[in-house]
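Summary of structural features
Residues per chain are reported as follows:
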Amino acid sequence: MKLDRDINKINSEALHLVSCSAQLFLQFLAEASGEAAMEKKRKIVKLEHIRTAAKRHRATRDFLLDELPVPSQPSDQKSADRSRSRPVADNPAPAGTRRIDDFFSKPATKSPIEVEES
């Protein structure tokens, strides 16, 4: 929003609301894509799974499906060169980042939201 030249000022509450909405949408899309991958017995979420998740949800399908690139080949075919892939343990995440499986795991404890009463 800050990069849009047509927007001069942004209310902090509006910015927070858009940020939270984007986070919830991406979480929904990631979970739905993960479910689509698991249904096909895959461990890696690919573009095909994101497209499947978008097709299943009407509101998402209406705006997102046209923006996703068309897959070039079906993912059921084996990759020609599997030697380039490395185990996850050999590729640690850079400092300040999290692994994608941390995103999908449920937090151990969830603190309740505190509301101040006046």
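Remember, it's a predicted structure, so these values are computed and weren't measured experimentally.

The full count for this structure, using the stated rule, is three salt bridges. Linking Asp 62 and Arg 58 is a salt bridge whose minimum nitrogen-to-oxygen distance equals 3.9 Å. Separated by four residues within a single helix, Asp 62 and Arg 58 lie in helix H3 (residues 58–64), roughly one turn from each other. With a relative accessible area of 58%, Arg 58 lands in the exposed category.

A positive phi angle is found at Lys 41, which is not glycine, with a value near 55°. If you trace the backbone, Lys 41 turns up in the loop between helix H1 (12–39) and helix H2 (47–56). Residue Lys 41 is classed as exposed on the basis of its relative accessible area, which comes to 74%.

In this section: the packing of aromatic side chains. One pass over the structure, following the stated rule, counts one aromatic pair. Ring geometry for Phe 25 and Phe 63: centres 5.7 Å apart, planes at 45°, overall tilted. Of this pair, Phe 25 sits in helix H1 while Phe 63 sits in helix H3, placing them 38 residues apart in sequence.

Taken N-terminus to C-terminus, the directions of H1 and H2 make an angle of 115°; their axes are 8 Å apart at the nearest point. It follows that H1 is roughly perpendicular to H2 by the angle criterion. Classified by chirality, the crossing of H2 by H1 is right-handed. For the pair H1 and H2, contact is made by Leu 29, Ala 32, Ser 33, Ala 36, Ala 37 and Glu 39 and by His 49, Ile 50, Thr 52, Ala 53 and Arg 56, respectively. Taken together, the residues of the contact of H1 with H2 break down into six nonpolar, three polar and two charged.

Conventions we followed
- Residues numbered from 1 in each chain as written.
- Predicted model: local features only at pLDDT ≥ 70, side-chain atom pairs only at ≥ 80, totals over all residues.
- Heavy atoms only, no water.
- Salt bridge = Lys/Arg side-chain N within 4 Å of Asp/Glu carboxyl O.
- Helix = DSSP H or I, 4+ residues; strand = E, 2+ residues; numbered from the N terminus.
- Buried < 20%, exposed > 50% of the residue type's maximum accessible area, 1.4 Å probe, protein only.
- Phe/Tyr/Trp six-rings, centres within 6.5 Å; stacked < 30°, edge-to-face > 60°.
- Axes fitted to C-alpha atoms, helices over the stretch in contact; angles between N-to-C directions.
- Parallel < 35°, antiparallel > 145°, perpendicular 65-115°, else oblique.
- Left-handed = near helix turned anticlockwise from the far one by under 90°.
- Contact = heavy atoms within 4.5 Å.
- Nonpolar A, V, L, I, M, F, W, Y, C, P; charged D, E, K, R; others polar.

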